[in-house]
Amino acid sequence: MLNISNLHVKVEDKEILKGINLKVNAGEVHAIMGPNGSGKSTLSHVLSGRSGYEVTEGTVDFLDNNLLELSPEERAHLGVFLAFQYPVEIPGVNNAYMLKAALNAIRTYRGEEELDAMDFMAFVKDKVKLVQLKEDLLSRSVNEGFSGGEKKRNEIFQMAVLEPKLAILDETDSGLDIDALKIVADGVNALRSPERSMVMITHYQRLLDYIEPDFVHVLVDGKIIKSGDKKLALELEKRGYDWVREEAA
Amino acid sequence: MSTNPEEFDSIAGKEYKAGFVTDVETDTVPPGLNEDVIRLISAKKEEPEWLLEWRLKAYQHWLTLEEPTWPNVHYPPVDFQASSYYSAPKSKEDAPKSLDEVDPKLLETYEKLGIPLREHAKLAGVAVDAVFDSVSVATTFKKKLSDVGVIFGSFSDAVKNHPELVKKYLGTVVPITDNFYAALNSAVFTDGSFCYIPKGVRCPMELSTYFRINASNTGQFERTLIVADEGSHVSYLEGCTAPMRDENQLHAAVVELVALDDSEIKYSTVQNWYPGDENGVGGIYNFVTKRADCRGKNSKVSWTQVETGSAITWKYPSCILKGENSVGEFYSVALTNNYQQADTGTKMIHLGKNTRSTIISKGISAGRAQNSYRGLVKITKGAEGSRNFTQCDSLLIGDKCGAHTFPYIEVKNQSAQVEHEASTSKIDEDQLFYCRQRGISEEDAVNMIVNGFCKEVFKELPMEFAVEAQKLLAVSLEGAVG
């Protein structure tokens, strides 16, 4: 599904990613862990097409498309979804209205008919329950006045509605208390399917207690220096990142 | 966050959708302004002597005035002798009795603008007094209105059929001496709309006029007068759009509203005159005087405007709150793109006790445009217990445009409460990326964010106008990012 090969990325003349290689097959959940400033968020931004990043080398193939050539919206149409670390507030724009516009843009791309307001509300009804999102948040402005937990739940709710093929979860656990974390994790787990891949970016192992990854990668200083399974995350939790660094050096 | 000005720059260029000229023979007075021209206009319109004298007095006063230079706008001096001051479609000669007799080209013009007069008017239940150039060509729903005693039609008709009403109220809100452009308008106005709502009548439908400038090089001087008698209620819609033109066209309208005891006037405008091309060439100069006199106790006037057009806008719909407990409201969205300049706002003059006013202004600037809010809140000595709330927000798209706020507050009564809030923000790249990551195109995302910004104003518009206004913003912002 996703094949990242020798990806080098610069931000304002500083090389942040220094040759990332990662292959994600359909249905797999990959966790990317690493210390602050290792390039985790840069990776999620480059995959989703945010401006301000210069790719100097390497390729990213997504379902036989050269992902790096596509605009953010084209990537979304193909099924790339980013759950933001810091979901933005958009005053005056109705949450449900925006999501309906997004869904219809994606449906149009897929050659499906657009949903009208009635059909849309019927369609999202169950999805709201999935993350226990209060229904009144639907009619509020996008993320405006939402609590930290509500914002993250809203991200997973959007993911449930847009049904992406590849979901990138950028520090979805940050700022969540344990109850909220559990709700979000349950939501994500419910969305796991053999056709859907996930890349989870996180600092901490605790998210992985709730969402079990198939693979764990350690990103340090712009490179994946170690990969393993769930046990690797536990070890990192216990021993920190230094030993991996030493091992790699 | 990295900003990308080039990206915004390219959205800032887009074509004017309403740019086309209808080929209709016009009966146009040669360019120039003098007493003879004014006599000619008055004669062509078969006006009574008192009106001619009123015009001439205004003209004499105008000669003593200087063009104002205080607005925050820049343009080459206007040559008032280069404009023609009267132009009527030829079809007026055979005076259409119904829509069927109207020159089909005129109707076609409205169709192109998305205003299917026939269907639209009927479906929406709107009486349309369509001003094409300077003479009204079609008026519908006359009967339904006259059944309840509402007088609604062209200003010329009102002068002929209801001279006593016109004489009683004309110039009582905006006197001929008010300002340079108001004096000019009083001297040479050609037509406009007149509306009178009798005592206790709630106007059974929304009233609407579509203005349109068509004949080349013709200044437009509309005159609108709306009188709401005691206990009456009316909602008036005004919408405009103009064809593409190279030379600058001057438009100096005067709108007077009179609200007597316990009456309410809601005046909504969607303005989309040709703003000039992406290099700032051409476009309408819109120098308008709009004022409401809340003469009666408990009277209320709401101005709602969505301004996207004109090269230069100079416009301050105002309320004189004379009657006790009277209420004035001003809701405005002003969008400027490319080289457009707007200096717009309102004046709320509190004279009566317990008068209240609300001002919500949303300015949006893109391209190289300059957008200024200028507002005056004046609480006079006698305005015991008066209140004002002002909220003034500016949104910038790109980094070559400007937003300016000039709030003037004069309070002469200790019991008054005046609140002012202001904000300036940029369309945030994070917001755009968020929407695009969800699959929404950049242009749709900008529209969505801008519409969200304007929401408080749009909800004040009558439904059909709110939809039109949203479309208009989308069209006006086409190419402002991307």
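Conventions and cut-offs
- Residues numbered from 1 in each chain as written.
- Chains lettered and ligands numbered in written order.
- Predicted model: local features only at pLDDT ≥ 70, side-chain atom pairs only at ≥ 80, totals over all residues.
- Helix = DSSP H or I, 4+ residues; strand = E, 2+ residues; numbered from the N terminus.
- Contact = placed C-beta atoms within 7 Å.
- Rg over C-alpha atoms; globule rule 2.2 N^0.38 Å.
- Buried ≥ 20, exposed ≤ 12 C-beta atoms within 10 Å, placed from the backbone.
- Pairing = 2+ DSSP bridges.
- Axes fitted to C-alpha atoms, helices over the stretch in contact; angles between N-to-C directions.
- Parallel < 35°, antiparallel > 145°, perpendicular 65-115°, else oblique.
- Left-handed = near helix turned anticlockwise from the far one by under 90°.
- Nonpolar A, V, L, I, M, F, W, Y, C, P; charged D, E, K, R; others polar.
- Expected span 1.5 Å × (residues − 1).
- Right-handed = clockwise from strand over helix to strand, strands pointing away.
- pLDDT = per-residue confidence, 0-100.

I'd like a description of the overall build of chain B, backed by residues and values.
In terms of helices and strands, chain B carries 12 helices and 23 strands. Partitioning the intrachain contacts of chain B with sequence separation of at least 6 by distance along the chain shows that 85% fall at a separation of at least 24.

Go over the overall build of chain A with me, naming the residues and quoting the values.
Counting its secondary structure elements, chain A contains 9 helices and 12 strands. For chain A, whose C-alpha radius of gyration is 18 Å, the value lies close to the compact-globule estimate of 18 Å for 249 residues. Summarising its shape, the C-alpha atoms of chain A cover approximately 60 × 40 × 35 Å along the three principal directions. For chain A, buried positions account for 43% of its 249 residues.

Tell me about the sheet that holds strand β10 (residues 197-202) of chain A, and name the residues and values.
Residue and element names in this part refer to chain A. Strand order in the open sheet made by the 6 strands is β6-β9-β10-β3-β11-β12, with mixed pairing throughout. At either margin of the open sheet sits one strand with a lone partner, and together these are β6 (80-83) and β12 (223-228). Each neighbouring strand pair of the sheet contributes to a mean axis angle of 20°, computed without reference to strand direction. Pairing of β6 with strand β9 (residues 166-170), which is carried by 4 bridges, proceeds in the parallel orientation. Each bridged residue has a counterpart across the sheet, and for L82 the counterpart in β9 is I168. Seen against the sheet, helix α1 (residues 40-48) touches β3 (29-33), β6, β9, β10 and β11 (215-220) and runs at an angle of roughly 145° to β9. Helix α8 (residues 230-239) contacts β3, β11 and β12 of the sheet and is inclined by roughly 45° relative to β11.

So what about the sheet that holds strand β5 (residues 65-66) of chain A? Which residues, and what values?
Hydrogen bonds along the backbone pair up the strands of a sheet, which may run parallel or antiparallel. Residue and element names in this part refer to chain A. Read from one edge to the other, the open sheet built from 4 strands follows the order β2-β1-β4-β5, with strand pairing classed as antiparallel. With partners counted over all chains shown, the strands left at the sheet margins are β2 (14-24) and β5, one partner each. Both strand β1 (residues 2-11) and strand β4 (residues 54-62) contribute to a ladder of 7 bridges, which runs antiparallel. When the bridges of β4 are listed, V9 appears paired with V55. Here α1 sits on the sheet in contact with β1, β2 and β4, set at roughly 70° to β2.

Requested: an account of the packing of helix α3 (residues 95-110) of chain A against helix α5 (residues 148-162) of chain A, with residues and values cited.
All names here are of chain A. Orientation of α3 relative to α5, taken along the N-to-C sense of each, is 30°, at an axis distance of 10 Å. One finds that α3 runs roughly parallel with respect to α5. As α3 packs across α5, the resulting crossing turns out to be right-handed. Judged by residue contacts, L99, A102, L103 and I106 of α3 engage Q158, V161 and L162 from α5. Classifying every residue of the contact of α3 with α5 gives 6 nonpolar, 1 polar and no charged.

Can you explain the interface of chain B and chain A? Please cite residues and give values.
In this complex, chain B contributes 20 residues to the contact, which on the side of chain A involves 23 residues. A per-element tally of the side of chain B that touches chain A places helix α10 (residues 429-437) of chain B first, with 7 residues. Residue composition of the side of chain B that touches chain A, by class: 7 nonpolar, 7 polar and 6 charged.

Which residues make up α3(A), and what are the values?
Residues and elements named next belong to chain A. Spanning 16 residues, α3 covers 23 Å between terminal C-alpha atoms, matching the ideal 22 Å at 1.5 Å per step. Every buried residue belonging to α3 is among N95, M98, L99, K100, A101, A102, L103, A105 and I106, and all of these are buried. Of the residues one or two after α3, G111 is the one with positive phi, at around 80°.

Talk me through the environment of L208(A); I want residue IDs and the actual numbers.
Residues and elements named next belong to chain A. Within the secondary structure, L208 is located in helix α7 (residues 206-210). The spacing of L208 and L2 is 206 residues in sequence and 21 Å in space, taken between C-alpha atoms. Once residues within four sequence positions are removed from consideration, L208 is found in contact with A31, P213, K230 and A233.

How would you sum up unusual backbone geometry? Please name residues and give values.
At D13(A), a residue that is not glycine, the phi angle is positive and equals roughly 70°. Considering the arrangement of structural elements, one finds D13(A) in the loop between β1 and β2. Assessed through the 6 C-beta atoms surrounding it within 10 Å, D13(A) is described here as exposed. Backbone geometry places N338(B), a non-glycine residue, at a positive phi of 50°. By secondary structure assignment, the location of N338(B) is in the loop between β17 (327-336) and β18 (341-350).

Tell me about the pairing of β9(A), and please be specific about residues and values.
Residue and element names in this part refer to chain A. With 5 of its 5 residues buried, β9 lies for the most part within the structure. By the alternation rule, side chains of β9 split into L166, I168 and D170 and A167 and L169, which are all buried. Looking at chain direction, β9 and β10 are connected through 5 bridges and run parallel. Looking at the pairing, L169 lines up with M200 of β10. Each parallel crossover has a hand, and for β9 linked through helix α6 (residues 178-190) to β10 it is right-handed.

Before we move on, can you summarise the packing of α5(A) against α6(A) with the specific residues and values?
All names here are of chain A. Orientation of α5 relative to α6, taken along the N-to-C sense of each, is 5°, at an axis distance of 10 Å. Classified by the angle their axes make, α5 and α6 are roughly parallel. When α5 is examined against α6, the residues G149, K152, R153, I156 and A160 are found in contact with a partner set consisting of A180, I183, V184, G187 and V188. Per-class residue counts for the contact of α5 with α6 are 6 nonpolar, 2 polar and 2 charged.

How would you sum up the pairing of β1(A)? Please name residues and give values.
Residues and elements named next belong to chain A. Pairing between β1 and β2: 8 bridges, direction antiparallel. In the sheet register, N3 faces β2, and the bridge partner there is K23. The antiparallel hairpin formed by β1 and β2 contains 2 residues in its connecting segment, where E12 sits at a positive phi of about 45°.

Explain the environment of V218(A) residue by residue, including any values.
Residues and elements named next belong to chain A. The topology assignment puts V218 in strand β11. Measuring from C-alpha to C-alpha, the distance between V218 and M33 comes to 5.0 Å, with 185 residues separating the pair along the chain. Beyond its immediate stretch of four places on either side in the chain, V218 contacts M33, G34, I224, I225, K226, L236, Y241 and V244.

Help me get a handle on the confidence of the model for chain B, residues and values and all.
When pLDDT is low, close inspection of the predicted coordinates is not appropriate. All names here are of chain B. Across chain B, the average pLDDT comes to 81, with 77% of residues at 70 or higher. With pLDDT under 50 throughout, residues 90-96 is counted as low confidence; its partners more than four residues away or in other chains account for 12 contacts. Low pLDDT, under 50, characterises residues 132-138; the stretch is placed with 40 contacts to residues that sit more than four places away or in other chains.

Quick one: what's the story with α10(B), residue by residue and with numbers?
Counting buried positions along α10(B) gives 7 out of 9 residues, so the element sits mostly inside the fold. Those residues of α10(B) hidden inside the fold are in contact with α1, α2 (72-78), β6, β7 (90-94) and α3 of chain A together with α11 (442-458) of chain B. Trailing α10(B) by a residue or two, G439(B) shows a phi angle of about 105°, which is positive.

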